[in-house]
Amino acid sequence: MPRKPEKLPTEATLEAARDLDRLSNGDVLSLIHEQDGCAHQAVGRCLPEMEEAVEVLATALAGGGRWFNVGAGTSGRLGVLDASEIPPTYGMSPRIVQAVIAGGERALRHPVEGAEDDAGAAAFELAERGLRAGDVVVGISASGRTPYVIGAMEAAHEVGARRIVITCDRNSRLAEHGEIAIVPEVGPEVVAGSTRMKGGLAQKMVLAALSTAVMVRLGKVRGNLMTHVTPVSNKLRGRAVRIVMEIAGVDRDCARALLRENE
């Protein structure tokens, strides 16, 4: 008997969007906004797994380990985005939270054809960065079927690194590779298969929540103030001044002086 085609949630057709090309601009935007709410709800159902992931990540980083986000396409770019925010926001070395994207830096702006299908490329890149036990690899793929990301998880398993996955399909191969599987099941996209939409939004929400909670656990926040912010721009220097003013109860001139003394 012929094999039935595999049903992929990320490739299904959203019934409410079948006449998308005939809707008014306002109705298109309303439908997108309505569906974005599904991503919020889906992430909310993942909070127990996210709590486990925060514990694993915070423990690893406190013990000298590193955190690697690995992905391709939109998922890879989201991993790079979140990792790149850690040094200026929380004053951590860029070596601590890193990102590995299929196709390398060029893939941040341009599609690199076939890069996501190379299962060995991510393993090679992680080996080049010295992946070891004590590190954590976070594999990100909406479909959960990206060979590049699955290869990274297999490499993590081989060296004894911890494994966390973020995918939108609970029945995917990637979900099986994670010690912790965070699965925001967002359902079909407004534009069929365009996982930069709800899928990407859900992944962004998960990554931002994980990194923020981990930094709180590591003491990078006092109250809700970013006490380790790196003041490398006028905006961030102004923020640093306001943080010192609030914590120390001093005026602006005194806060500036204190910051200069500790540069």
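Our structure is the block above this text.
Residues numbered from 1 in each chain as written. Predicted model: local features only at pLDDT ≥ 70, side-chain atom pairs only at ≥ 80, totals over all residues. Heavy atoms only, no water.

Brief notes about the pattern of salt bridges
Think of it this way: side chains of opposite charge can pair up when their charged atoms draw near. The test is simple: We count a salt bridge whenever a side-chain nitrogen from Lys or Arg sits within 4 Å of a carboxyl oxygen from Asp or Glu. Three exposure classes are used, based on accessible area relative to the maximum for each residue type with a 1.4 Å probe and protein chains only: buried under 20%, partly exposed in between, and exposed over 50%. A run of H or I in DSSP becomes a helix once it reaches four residues, and a run of E becomes a strand once it reaches two; helices and strands are each numbered from the N terminus.
Taken as a whole, this structure holds eight salt bridges when the rule is applied. Across the pair arginine 18 and glutamate 15 runs a salt bridge, and its minimum N-O distance is 2.9 Å. Overall, the relative accessible area of 49% leaves arginine 18 in the partly exposed class. Taking relative accessible area as the criterion, glutamate 15 reaches 54% and is therefore assigned exposed. Arginine 173 is the salt-bridge partner of glutamate 154, the closest N and O atoms lying 3.7 Å from each other. Remark: arginine 173 occurs in helix α6 (residues 173-177) and glutamate 154 occurs in helix α5 (residues 147-159); sequence separation between them is 19 residues. In this structure glutamate 154 comes out as partly exposed when scored by relative accessible area, which is 34%. Assessed through its relative accessible area of 46%, arginine 173 is described here as partly exposed.

Quick look at the sheet that holds strand β5 (residues 180-182)
Just so we agree on the cut-off: Each pair of strands is called paired provided DSSP finds at least two bridges between the two strands. Only the contacting stretch of a helix is used when fitting its axis, a line to C-alpha atoms as for every element, and angles between N-to-C directions run 0 to 180 degrees. Contacts are assigned to residue pairs with any non-hydrogen atoms lying within 4.5 Å of each other.
With respect to topology, five strands assemble into an open sheet ordered β2-β1-β3-β4-β5, the strand pairing being parallel. The open sheet terminates on both sides in strands that have one partner only, identified here as β2 (97-101) and β5. Sheet twist, expressed as the average angle between the axes of neighbouring strands with direction ignored, equals 20 degrees. Pairing geometry for strand β4 (residues 162-166) and β5, over three bridges, is parallel. Bridging from a neighbouring strand, isoleucine 166 pairs with isoleucine 182 of β5. Along the sheet, helix α2 (residues 47-62) makes contact with β1 (67-71), β2, β3 (136-140), β4 and β5, crossing β5 at roughly 125 degrees.

Keep in mind these numbers describe shape, not what the thing actually does.
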